[in-house]
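For reference, the chains in residue letters:
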Amino acid sequence: MTTHARTMLRVVPRGPVIFAAMFAFLLISPTFGTGHVDTGSFSDVMTTFAAVAPVAVAVGLGMIAGQFDLSCVATYGLGGMLAVKFGESSPVVGLLIATGAGIVAATIQGAVVAFLRVNSVPVTLGGYLALWGIVNLLGHNQDVVVYNNTGVNTWLITPVLGIFTVESVIIIGVIVALSLVLRFTRFGTSLRAVGGDINAAEVAGVRANRVLIGAFAIGGAVAGFGGGIQAYALVSASSSVSFAPLIIAITAVIVGGVAMSGGRGTMLAIATGVLSLALLTEALVVLNVDPQVVTVVTGAFLLVVALTGASELNRVRDMVRVRIGLLRGAPAS
Amino acid sequence: MSASAPSVLLPRPARSPAWLLLRGGGLAVIAAACWFLFATHGFATSRNLDAILLSSSLVGLLALGQTAIMISGSFFSLSLAATTAISAMVFLSSLRFGLVPAFALALLFGALSSGIQGLPVGAWGANPIIVTIGFGSVMEGAIVVITGGSTVNIPSGAPSIHFLTSSVDGIPFGFFVLVAGAVGLEFVLRRTRLGLSTYLVGENRRAARAAGLPVGGVAFGVFVVAGVCAAVAGILAGAVSQGATLSIEGTLSFNAIAAALIGGCAVAGGRGSAVATLAGTIGISAINSALALRNYANGVQILVEGVIVFVVVIIVHLRTRSRS
């Protein structure tokens, strides 16, 4: 491969390319499968998007800040449970409580990570377990807790412009608002600085602790709010917090182009990643593929992205190149 | 230090108030926990204690594997539970070839399937959490496709595996295996070159690589160890439940990681011990048992586990920081 071609490949962003590929995959899938693609398929895509996006946003924000938040999927579940339990007469109150709880849960963990500089992985693992326990207690270990206010549900699933629903429009609105914040405020720049190199950012005058806690808090708010909205749309909340949505969220975030090492990423990248995964799963439905095969495919997707984004891959590649060069007798360059 | 030179008595370093508070507070908490346990009605019976040891066995074996991975600085593996369940399936279905081949195949599966995940983590610096999540998903999906979702049962005419579920004096066989595993792992970690290299790689990966330590080999090695531990756990689980499905996974992954963290392992690497992890496993099992005996809901057990992990991680971090 020529140097020019290699440079071009490095410049092409991963997220939009994968999105285009998944879109094309969905469009051509009817030729290989038994299903067909129509506005219903795209509306399914948007429904999946609305369900996955809140957790993906929380995970993505954490990753941009250089951290790894494992608890946001539990915050999502907690938001749903609280919204159902306290929002029967007033859905807005339920959502406020859900969002507030999300902020509190995330801020506690974020404060520990920021002030004590503890690694976010075990801290949020503890948080995940603790929040899971709370959700379980609130739901009295019942599989499904039913929400009795069906009016909200009817409103949330009202179709908008064919493929959207009120629910997905709300979620898209939240993402657009956040993307404006990340792009045009100092918080956004500070967030990427802290994620890239926290020490250098502090030397440059960034209030790293505030930024970290802010990132956690916003992620918690989005996860809690999203969980509440989703519970209203499904008219129920679950007592068990499954890890699976987190796996999908992490895959979406990385596929969309957020760097695992931190410091790089946008809301658009996260949204693109979630859409790509939603398109992929819809295509697999059209292909009438076994649900287990879907698990394998998303797992493989994640593996490929993890392997190609490995931090020391450049070093390995250069080492290989040097060795080949030495074998040929050329000077190492 | 030569015998002729007089040893110099260095003055003991002054202990800061914060250090004393942490030490004192830690002891007080442990004392309170012991009081809580033994004040629980029905806790200190031999039957209950044996039950605690049994439930510790599976989690403990996986926790040993997670300990090895954590010490090497590769965080943890989120696919060990899947390895356990699938090893159980491999073991049970391989019993048709005989007892020894079944053991060998299950252990080989565990070693290879886990080791292969360690390679990109060690050689390329791939993120271990994401690699193991992805690989775990692929393994789970693949095994359901292969078995069609049905339980893998013991084939007829297979040799007896009753000894795996037997107990000596009430103490289950699995617990002896766990203790042997902990002692063995501790020996490897403290007394062999591989073990010491593991600590060094976990402490500072770049420095270890610059010093010529086989970073990739160490990562491969700890993942193989974890895979073998998971396979042993799978063999025991398959013997106990007389049939293997993915439901064996349960919440094993998280309980194992929690046990290792509570035992004092630092997720960033460089510190931890197999014996401490064993203590952490038994401690968590004991607390869960006491909570269940006191009729607390399942959610309380999970919540308590989460809070303990949270607190211990902070304490371990503060202690490491005050030392350096």
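Keep in mind the model is a prediction, meaning the values are calculated, not measured.

Rules used in this analysis
- Residues numbered from 1 in each chain as written.
- Chains lettered and ligands numbered in written order.
- Predicted model: local features only at pLDDT ≥ 70, side-chain atom pairs only at ≥ 80, totals over all residues.
- Heavy atoms only, no water.
- Helix = DSSP H or I, 4+ residues; strand = E, 2+ residues; numbered from the N terminus.
- Buried < 20%, exposed > 50% of the residue type's maximum accessible area, 1.4 Å probe, protein only.
- Contact = heavy atoms within 4.5 Å.
- Areas by Shrake-Rupley, 256 points an atom, 1.4 Å probe, with all protein chains shown as cover.
- Lys, Arg positive; Asp, Glu negative; His and termini not counted.
- Charge placed at Lys NZ, Arg CZ, Asp CG, Glu CD.
- Axes fitted to C-alpha atoms, helices over the stretch in contact; angles between N-to-C directions.
- Parallel < 35°, antiparallel > 145°, perpendicular 65-115°, else oblique.
- Left-handed = near helix turned anticlockwise from the far one by under 90°.
- Salt bridge = Lys/Arg side-chain N within 4 Å of Asp/Glu carboxyl O.
- Nonpolar A, V, L, I, M, F, W, Y, C, P; charged D, E, K, R; others polar.
- Expected span 1.5 Å × (residues − 1).
- Buried area = accessible area lost by both parts, 1.4 Å probe.
- Polar contact = N/O pair within 3.5 Å; in protein donor to acceptor, adjacent residues only side chain to side chain.
- Phe/Tyr/Trp six-rings, centres within 6.5 Å; stacked < 30°, edge-to-face > 60°.
- pLDDT = per-residue confidence, 0-100.
- Disulfide = S-S within 2.5 Å.

**As for the overall build of chain A**
- Along its length, chain A carries 15 helices and four strands.
- Taken along the three principal axes of its C-alpha coordinates, chain A extends 80 × 55 × 35 Å.
- A buried classification covers 51% of the 333 residues belonging to chain A.
- If you take every contact in chain A between residues at least 6 apart in sequence, the share linking residues at least 24 apart comes to 79%.
- When the accessible surface of chain A is split by element, carbon and sulfur atoms take 68% of a total near 14,600 Å².
- Charged side chains of chain A number 16 positive and 12 negative; the gap between the two group centres comes to 20 Å.

**Some remarks on the environment of Gly195 of chain B**
All names here are of chain B.
- On the secondary structure map, Gly195 appears in helix H7 (residues 193-203).
- Under the relative-accessibility criterion, Gly195 is labelled buried at 1%.
- Taking the C-alpha atoms as reference, Gly195 lies 11 Å from Ile69; in sequence the two are 126 residues apart.
- With sequence-adjacent residues up to four places away left out, Gly195 is seen in contact with Val188 and Leu189.

**Quick look at the packing of helix H12 (residues 244-256) of chain A against helix H14 (residues 291-308) of chain A**
Residues and elements named next belong to chain A.
- At their nearest, the axes of H12 and H14 sit 10 Å apart, and the two run at 45° to each other. By the criterion of interaxial angle, the relationship of H12 to H14 is oblique. Regarding H12 and H14, the two cross each other, and that crossing is left-handed. Together, Ile247, Ile250, Thr251, Ile254 and Val255 of H12 and Thr298, Phe301, Leu302 and Val305 of H14 make up the contact between the two elements.

**Structural notes on the pattern of salt bridges**
- This model, assessed by the stated rule, comprises two salt bridges over all chains.
- Between Arg117 of chain A and Glu202 of chain A there is a salt bridge whose closest N-O contact spans 3.1 Å. Here the residue Arg117 of chain A occupies a position in the loop between helix H5 (91-116) and helix H6 (120-138), and Glu202 of chain A occupies one in helix H10 (residues 198-203), the gap between them amounting to 85 residues.
- Taking the relative accessible area as the measure of exposure, Arg117 of chain A reaches 30% and is therefore partly exposed.
- Residue Arg190 of chain B pairs with Glu186 of chain B through a salt bridge whose shortest N-O separation is 3.0 Å. With Arg190 of chain B and Glu186 of chain B both in helix H6 (residues 173-191) and four residues apart, this pair spans about one turn of that helix.
- For Glu186 of chain B, a relative accessible area of 15% translates into the label buried.

**Side note on the packing of helix H13 (residues 267-286) of chain A against H14 of chain A**
Residues and elements named next belong to chain A.
- Axis separation between H13 and H14 bottoms out at 11 Å; the angle between their running directions is 150°. Helix-helix and strand crossings are classified by hand; for H13 and H14 the assignment is right-handed. Note on element contacts: H14 touches H13 through Val294, Val297, Thr298 and Phe301, opposite Leu277, Leu280, Thr281 and Leu284.
- The class makeup of the residues in the contact of H13 with H14 is six nonpolar, two polar and no charged.

**Observations regarding H12 of chain A**
All names here are of chain A.
- With 13 residues, H12 should cover 18 Å at 1.5 Å per step; its first-to-last C-alpha distance of 18 Å lies within 8% of that length.
- Those residues of H12 not exposed but buried are Leu246, Ala249, Ile250, Thr251, Ala252, Val253, Ile254, Val255 and Gly256.
- Positive backbone phi, at 115°, marks Gly257, one or two positions downstream of H12.

**Some remarks on the interface of chain A and chain B**
- On the chain B side, the residues contacting the 46 residues of chain A number 47 residues.
- A combined buried area of about 3,700 Å² lies between chain A and chain B, and 82% of that area is made up of carbon and sulfur atoms.
- Joining chain A to chain B, the criterion identifies zero salt bridges.
- Between chain A and chain B we count two residue pairs in polar contact (both at pLDDT 80 or more) in total.
- Sorting the residues of the side of chain A that touches chain B by element identifies H5, H6, H12, H14 and helix H15 (313-328) of chain A as the ones contributing at least two each.
- Among the elements that make up the side of chain A that touches chain B, the one with the highest residue count is H6 of chain A (14 residues).

**As for unusual backbone geometry**
- Not every positive phi belongs to a glycine, and Asn288 of chain A is a case in point at roughly 55°.
- Looking at the element boundaries, Asn288 of chain A is found in the loop between H13 and H14.
- On the accessibility criterion, Asn288 of chain A (56% relative accessible area) is exposed.
- One non-glycine residue with positive phi stands out, namely Asn295 of chain B, at about 65°.
- As for its placement among the helices and strands, Asn295 of chain B is situated in the loop between helix H11 (274-293) and helix H12 (298-323).

**Quick look at the packing of aromatic side chains**
- By the definition in use, this model includes 10 aromatic pairs over all chains.
- Plain terms: the ring middles of Tyr128 of chain A and Trp132 of chain A are 5.7 Å apart, the flat faces sit at 50° to each other, and that makes the pair tilted. With Tyr128 of chain A and Trp132 of chain A both in helix H6 and four residues apart, this pair spans about one turn of that helix.
- Centre to centre, the rings of Phe91 of chain B and Phe103 of chain B are 5.2 Å apart; their planes meet at 40°, and the pair counts as tilted.

**With respect to the confidence of the model for chain A**
- Of the residues in chain A, 93% reach a pLDDT of 70 or more, and the chain-wide mean stands at 87.
- Of all secondary-structure elements in chain A, the lowest mean pLDDT belongs to helix H1 (residues 3-11) of chain A, at 55, while H5 of chain A reaches the highest, 95.

**Things to note about the side chain of Ser137 of chain B**
- Within the fold, Ser137 of chain B resides in helix H5 (residues 128-147).
- Apart from residues lying up to four places away in sequence, Ser137 of chain B is in contact with Ile247, Thr295, Val296 and Gly299 of chain A.

**Overview of the state of the cysteines**
- By the definition in use, this model includes zero disulfides over all chains.
- Cys229 of chain B forms no disulfide, and the closest cysteine sulfur to it belongs to Cys265 of chain B, at a distance of 12 Å.

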